[in-house]
Amino acid sequence: MKIIVTSLFVQDQDKALEFYTEKLGFVKKHDVPTGEYRWITLVSPDQQNGTELLLEPNVHPAAKEYQKKITSEGIPATMFGVADIRKEYEQLMEKGVKFTMEPTKMGEVTIAVFDDTCGNLIQIIQQ
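These numbers come from a predicted model, not from an experiment. (Residues numbered from 1 in each chain as written. Predicted model: local features only at pLDDT ≥ 70, side-chain atom pairs only at ≥ 80, totals over all residues. Heavy atoms only, no water.)

A. Geometry of the overall build of the chain. Helices and strands together make up the secondary structure of the chain, namely three helices and eight strands. Starting at the N terminus and walking to the C terminus, you meet the elements of the chain as β-α-β-β-β-α-β-α-β-β-β. For the chain, buried positions account for 35% of its 127 residues. Of the accessible surface of the chain, which amounts to about 7900 Å², a share of 51% is contributed by carbon and sulfur atoms. (Helix = DSSP H or I, 4+ residues; strand = E, 2+ residues; numbered from the N terminus. Buried < 20%, exposed > 50% of the residue type's maximum accessible area, 1.4 Å probe, protein only. Areas by Shrake-Rupley, 256 points an atom, 1.4 Å probe, with all protein chains shown as cover.)

Shown next, in the form of structure tokens:
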């Protein structure tokens, strides 16, 4: 068994698609109409056959409440791995990404947290 798709609730699919592709550099894999919303998945540019990130509309009241509560508590919705967190931090800052936590050493890893502008905090980690 392996993880093929993981989802992330977003407030606005178009805004999320723009942020995740233009700011973070993910590649759109699927964009399929499903009625009022779309099945939009992204992949890492260097692993286009790897795990897909689904930009899931947070239209259900439970999804909205979940997203609101974890964000207000400062809990990241997901985590992305990076090879060089300082370099990634600087590049994202130059693109206007707002960080709530700059790169911070935590034991054997370094983490940072940013706001994805779509209702989530996202953690990046260098192991």
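B. Expanded view of the nonpolar core. Grouped together as the largest cluster of nonpolar side chains are 24 residues, with contacts concentrated most on Tyr20, Leu24, Leu55, Phe80, Phe99, Phe114 and Ile124. Where this core is concerned, the elements lending two or more residues are β1 (5-10), α1 (13-23), β3 (37-43), β4 (52-57), α3 (85-94), β7 (109-115) and β8 (121-126). Here the element with the most residues in this core is α1; it accounts for four residues. Residues contacting phenylalanine 99, with those up to four places away along its chain left out, are Tyr89, Leu92, Met93, Ala112, Val113, Phe114 and Ile124. (Core = buried A, V, L, I, M, F, W, Y, C linked by side-chain atoms within 4.5 Å. Contact = heavy atoms within 4.5 Å.)

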